[in-house]
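Architecture and fold: a report
One-letter residues, chain by chain:
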Amino acid sequence: MKGRRLRAPALVAVIAVISAAVPFAAAAGSSAARITIALPDSGTVGRTVVLRGRVTHPPSDSTMDLERRGAGGRWTVLAGGGIVHGRFAIRWKPRTASFLMIRVVLVRHARTIAATQTKSLLIGAAPVYCAAPSPPGNLPEGDGYIVGGVYNVGGPAPGITVCQGQANTVTVTGVTGATVA
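Residues numbered from 1 in each chain as written. Predicted model: local features only at pLDDT ≥ 70, side-chain atom pairs only at ≥ 80, totals over all residues. Heavy atoms only, no water.

**Topic: the pairing of strand β1 (residues 34-37)**
By the alternation rule, side chains of β1 split into I35 and I37, which are all buried, and R34 and T36, of which none is buried. Note: β1 against strand β3 (residues 49-56), four bridges, orientation antiparallel. Note that in β3 the partner of I37 across the bridge is G53. (Buried < 20%, exposed > 50% of the residue type's maximum accessible area, 1.4 Å probe, protein only. Helix = DSSP H or I, 4+ residues; strand = E, 2+ residues; numbered from the N terminus. Pairing = 2+ DSSP bridges.)

Structure representation (structure tokens):
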């Protein structure tokens, strides 16, 4: 082709072939896909977080991922889910207490098509429940016993649930306010 000039129809054909080879470049920048979801502010170790949302105009065979921003600003996938009729659900069970920066992304062939804004997520410690006491030996018929615990609940976000771990006294009163037991 040295010294020859392309005529207009040949140039158009070359441009068409080049643009057909990179459909995701244009889609990623001007995607009509939009994600609608309410991301949580907090979670608890060991309790499944279910993120439900919608996505408009998802490309075929695309999926949804929950990602966290790690060291150096890199995104790591925590969990993923499929899309059915524009709806999705992502299930994730946190394993450690931490503070995360998260987002939900629409992905096709390992490329991000659309993403939500980044949001902070605080994962609190797992609840610590009181150990169940041994049941009393022989109870007279009609008698019973109460099993429970006293918990410290709350504290700084996302809060805690911890057994106090000490002996307590339970007083049972009747409707008149008199002590029954």
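Past the structure itself, the notes keep going.
**Section: the pattern of salt bridges**
Inspection of the entire model under this criterion finds three salt bridges. Of the charged contacts, one joins R108 and D61 as a salt bridge, the two residues approaching to 2.7 Å between their closest N and O atoms. With R108 in strand β8 (residues 98-108) and D61 in the loop between β3 and β4 (63-69), this pair connects stretches of sequence that are 47 residues apart. (Salt bridge = Lys/Arg side-chain N within 4 Å of Asp/Glu carboxyl O.)

**A word on the state of the cysteines**
Applying the stated criterion to the full structure yields one disulfide. Covalent S-S linkage joins C130 and C163, the inter-sulfur distance amounting to 2.0 Å. Handedness here is read from the sign of the S-S torsion; for C130 and C163, about 100°, the answer is right-handed. With a gap of 33 residues between them, C130 in the loop between β10 (119-124) and β11 (151-154) and C163 in strand β12 (residues 160-163) connect regions that are remote in the sequence. (Disulfide = S-S within 2.5 Å.)

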